[in-house]
Amino acid sequence: MAASATPEPTSADQEIKRRSRRRLIGALALGALAVVFLPMIFDSEPKNPGTARGVREISVKIPSKDDQAPLAAPSSNPAPALAPSAPPAATP
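Just so you know, these numbers come straight off a predicted model, no measurement behind them. (Residues numbered from 1 in each chain as written. Predicted model: local features only at pLDDT ≥ 70, side-chain atom pairs only at ≥ 80, totals over all residues. Heavy atoms only, no water.)

**Q** What is the right way to look at the overall build of the chain in this model?
**A** Assigned secondary structure in the chain consists of two helices and zero strands. Classification of the 92 residues of the chain by burial places 1% in the buried group. Summing over all exposed atoms, the chain offers an accessible surface of approximately 9,900 Å²; the carbon and sulfur share of this is 63%. (Helix = DSSP H or I, 4+ residues; strand = E, 2+ residues; numbered from the N terminus. Buried < 20%, exposed > 50% of the residue type's maximum accessible area, 1.4 Å probe, protein only. Areas by Shrake-Rupley, 256 points an atom, 1.4 Å probe, with all protein chains shown as cover.)

If you want it as structure tokens, here you go:
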């Protein structure tokens with residue numbers, strides 16, 4: 001049987017690999033947190049909480065009374081009253 005070409009890793013080598021793996025995972029976690037939270041911190045324009053849920057803001061302009069012409073006087077003939085409807089049929 002032929003001996004393996006790669007030597008067995010020593011405990012020092014394993015410890016170095018373990019530390020570097022932890023550092024890499026820590027760096028990835030910090031990077032992900034930075035991507036998520038830094039834009040929230042540095043956002044200069046506050047967002048409307050309703051727009052995040054799909055609700056749109058509606059702006060309403062009420063015209064001034066001074067710019068409008070006066071309303072016409074109501075007519076002397078009142079609107080004809082509606083005929084009373086038939087009572088609903090009794091259901092068995």
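**Q** Just to check I follow, could you spell out the environment of Ser64 for this structure?
**A** Positionally, Ser64 belongs in the segment after helix H2 (49–52). In terms of polar contacts, Ser64 uses its side chain to reach the backbone amide nitrogen of Asp66, at 3.3 Å. (Polar contact = N/O pair within 3.5 Å; in protein donor to acceptor, adjacent residues only side chain to side chain.)

**Q** Before we go on, may I ask you to explain a nonpolar patch on the surface in this structure?
**A** Nonpolar side chains collect at one region of the surface, where Leu30, Leu33, Val35, Val36, Phe37, Leu38, Met40, Ile41 and Phe42 lie side by side and expose about 980 Å² of accessible area between them. Within the element layout of this structure, Leu33 appears in helix H1 (residues 11–42). For Leu33, a relative accessible area of 47% corresponds to the partly exposed category. (Patch = residues over 30% accessible without salt bridge, like charges linked within 9 Å, V, L, I, M, F, W, Y side chains within 5 Å. Salt bridge = Lys/Arg side-chain N within 4 Å of Asp/Glu carboxyl O.)

**Q** For this particular structure, what's the right way to read the pattern of salt bridges?
**A** Here the idea is simple: oppositely charged side chains can pair when their charged atoms come close. The full count for this structure, using the stated rule, is two salt bridges. One salt bridge in this structure joins Glu15 and Arg19, with 3.4 Å as the shortest N-O distance. Note that Glu15 and Arg19 are positioned in helix H1 at a spacing of four residues, about one turn of the helix. A cluster of three or more residues bridged by salt bridges with shared partners is formed by Glu15, Arg18 and Arg19.

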